[in-house]
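Read off the chains here:
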Amino acid sequence: MHRVLITEHIHEEGLRDLYEAPNIETIVRLDLSKEELYEAVKDADALITRSGTAVDAKLLDAGKNLKVVARVGVGVDNIDLEAASKRGVIVLNSPTGNTLAATELTMGMIIAVARKIPQANNSLRKGEWRRENFLGTQLYGKTLLIIGLGRIGSSVATRAKALGMEVFCYDPYINAKKVENLGVRRLDDLHGALALADFVTIHVPLTGETKNMIDDEALRSIKKGAYLINCARGGIVDERACAEALKEGRLAGAAFDVHAVEPPKGSPLFDPEIAAKVVLTPHIGANTKEAQQAVAEIVVKNLIKALNGEPYENAVNIPYMENRMTLQEREFLSLARRMGMIAACVVKEHIAKMTVTMAGPLFEEFELNLPFELPYRYMPFTTAALKGLLEVRLGPEVNAMSAPLLAKEQGVSIFESRTEARTYKNILSVEIKSQNKAFSMDGTVTEEGKKRIVRVDGYEIDFVPEGWILLFSNHDRPGVIGKIGTLLGDYNVNIANFALGRKNGSGLAIAALQLDSSAPREIMEKIQKDADLLWAHLINLNGE
Ligand code: NAD
């Protein structure tokens, strides 16, 4: 008999499988103090929580029998993943299940802001009858720009088309076939796309690239009189710039379910001057009975499988794996992830293929092309490179277990192979192909455990993949590096280190500058426009 402890309020219907399972005893204990929780978890084989229970090392120690911790929902900030992995405890979540709920709220927000429904409701309740104040905008025949055509973005597209809207998308990473199948037109320039749309709705994750994506400059590109909807994540839109755009009439309306700070105390969007144009809700995108039931059902289904020793989905960690590796192997894992991140920043298109090649004795004890189902089919280094590649685009929620499944969903073909090591004892190569580009890198870990990138696109180079890296390819002529250095100096950005790679006779070079801080967008725009440069990308490799 497995004992499952539930410490937070979970949708009853979503727990049905748990109650019906013959070999499971379900214990619901809500509002426990810390001491009561340590006591209750003592005999539990599994724990089901939401975000309100801190699953830290102490709690995991108290739960000596714990095999699974299940989080009903997506975020696992309240769970110490490292501590769970060390103890061999599987952590599950439910990343899907709320797509329809978020889609339907988005449709509601589009209609609410276009027809001023909340304002009309408030006015009528005040005893007024002012129909002239609530002149709305028709959706039929209007253009809708969807930023991020993932799960929610594509299901918004289908519904908007049913309303007779003309739908465009901006999502450089999406498979062309998917866009075509949805009957959506893809635009590759965000500012150009913003200039065309009557309605703009955001469905991207919050990543380094999407943070403040809709800033003052982007808002100034927006078609005059457009409406902006954000039901994705706070922080993607600059709220102050958005309030300004509303005041100046550049935007006709804005509807936000998510906020830079939640709860949004003192948000510029609360300004009474723009109250007639703004609709705000308290992050209720996933709040439908059905979605709450679905996320609980997904977690419960996988939890039962995991307890019964059957294959399960949506695990966030890989218990034991990293723990059983040597320090050098773990450094290679971290190197692979960073190589994936660099590749994602350089090839800003849908990735069709990723090849990971391993050479040297370190990789020999790992089996290639494992005969398992996803996500267990690849070598840990391949999985780590995939995780890096996808987390730049899909956010920090991508983990080693979900990365292979997400890659399949995104149409990325994965190949792994082994070859002979030459110059370096152990070497890892990552090669990426999109429809128009190819990019490759070799990396190694020195005997002292230092990660290095030693080749980029066939150019020998040597840099440490850490911190802020400005990577660029240039015409190999005098003065280019000096010019970039001066430009960075003008903006007070210090260069900590720089590495150059040249190929005889090519006339081209590759440079990697390690910066002490991020380079502002203006510098990157200037650098990218410089005639001496072929391409330039700023890569953030801070963090673990
Ligand atoms: P998804 O991963 O299926 O799709 C995200 C899409 O964004 C992908 O197609 C990706 O290629 C694209 N993308 C990433 N970076 C981009 C960039 N820089 N420019 C353009 N496109 C980019 O995610 P999803 O399940 O559709 O969720 C979308 C968003 O909605 C997420 O931020 C999620 O957290 C949020 N969400 C909010 C609620 C809510 O309660 N309001 C509920 C569920 C999800």
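Our subject is the structure that appears above.
For clarity, every value in this text was computed on a predicted model and none was experimentally measured.

A. Main features of the site of the ligand. The full set close to the ligand counts 28 residues, and Arg-151, Ile-152, Asp-171, Val-204 and Arg-393 are the nearest of them. In this structure, an oxygen atom belonging to the ligand sits 2.8 Å away from a main-chain N or O atom of Ile-152. Gly-285 is positioned such that a nitrogen or oxygen atom in its backbone is 3.3 Å from an oxygen atom of the ligand. Taken by itself the ligand offers 870 Å² of open surface, and the protein chains cover 92% of this. Secondary structure elements with two or more residues in the shell around the ligand: helix H7 (151–162) and helix H14 (380–394). Counted by class, the shell around the ligand contains 15 nonpolar, 7 polar and 6 charged residues.

B. Geometry of the packing of H14 against helix H15 (residues 402–409). In contact at an axis separation of 9 Å, H14 and H15 are set at 65° when each is read in the N-to-C sense. Crossing geometry of H14 relative to H15 is assigned as left-handed. Only Ala-403, Pro-404, Leu-406 and Ala-407 of H15 make contact with H14, whose side of the interface consists of Thr-383, Leu-386, Lys-387, Leu-390 and Leu-394. Grouping the constituent residues of the contact of H14 with H15 by class yields 7 nonpolar, 1 polar and 1 charged.

C. Focus on the environment of Asp-17. Structurally, Asp-17 is set in helix H1 (residues 16–20). Accessibility expressed as a relative area gives 40% for Asp-17, which makes it partly exposed. Put simply, Asp-17 and Phe-472 are 455 residues apart on the chain and 54 Å apart in space, counted from C-alpha to C-alpha. Setting aside its immediate chain neighbours within four residues, Asp-17 contacts Val-300 and Ile-304.

D. Expanded view of the sheet that holds strand S21 (residues 508–515). Taking strand neighbours across the sheet as the criterion, the 4 strands line up as S20-S21-S19-S22 in an open arrangement whose pairing is antiparallel. Across the chains shown, the open sheet's two edge strands, defined by having one partner strand only, are strand S20 (495–502) and strand S22 (533–541). The mean inter-strand angle of the sheet, taken between neighbouring strand axes irrespective of direction, is 15°. The strands touched by helix H16 (residues 480–490) are strand S19 (467–475), S20, S21 and S22; relative to S19, the strand with the most contacts, the crossing angle is about 145°. Sheet strands touched by helix H17 (residues 521–529): S19 and S22. Its angle to S22, the strand with the most contacts, is close to 150°.

Rules behind the numbers
- Residues numbered from 1 in each chain as written.
- Predicted model: local features only at pLDDT ≥ 70, side-chain atom pairs only at ≥ 80, totals over all residues.
- Heavy atoms only, no water.
- Near = heavy atom within 4 Å.
- Polar contact = N/O pair within 3.5 Å; in protein donor to acceptor, adjacent residues only side chain to side chain.
- Areas by Shrake-Rupley, 256 points an atom, 1.4 Å probe, with all protein chains shown as cover.
- Helix = DSSP H or I, 4+ residues; strand = E, 2+ residues; numbered from the N terminus.
- Nonpolar A, V, L, I, M, F, W, Y, C, P; charged D, E, K, R; others polar.
- Axes fitted to C-alpha atoms, helices over the stretch in contact; angles between N-to-C directions.
- Left-handed = near helix turned anticlockwise from the far one by under 90°.
- Contact = heavy atoms within 4.5 Å.
- Buried < 20%, exposed > 50% of the residue type's maximum accessible area, 1.4 Å probe, protein only.
- Pairing = 2+ DSSP bridges.

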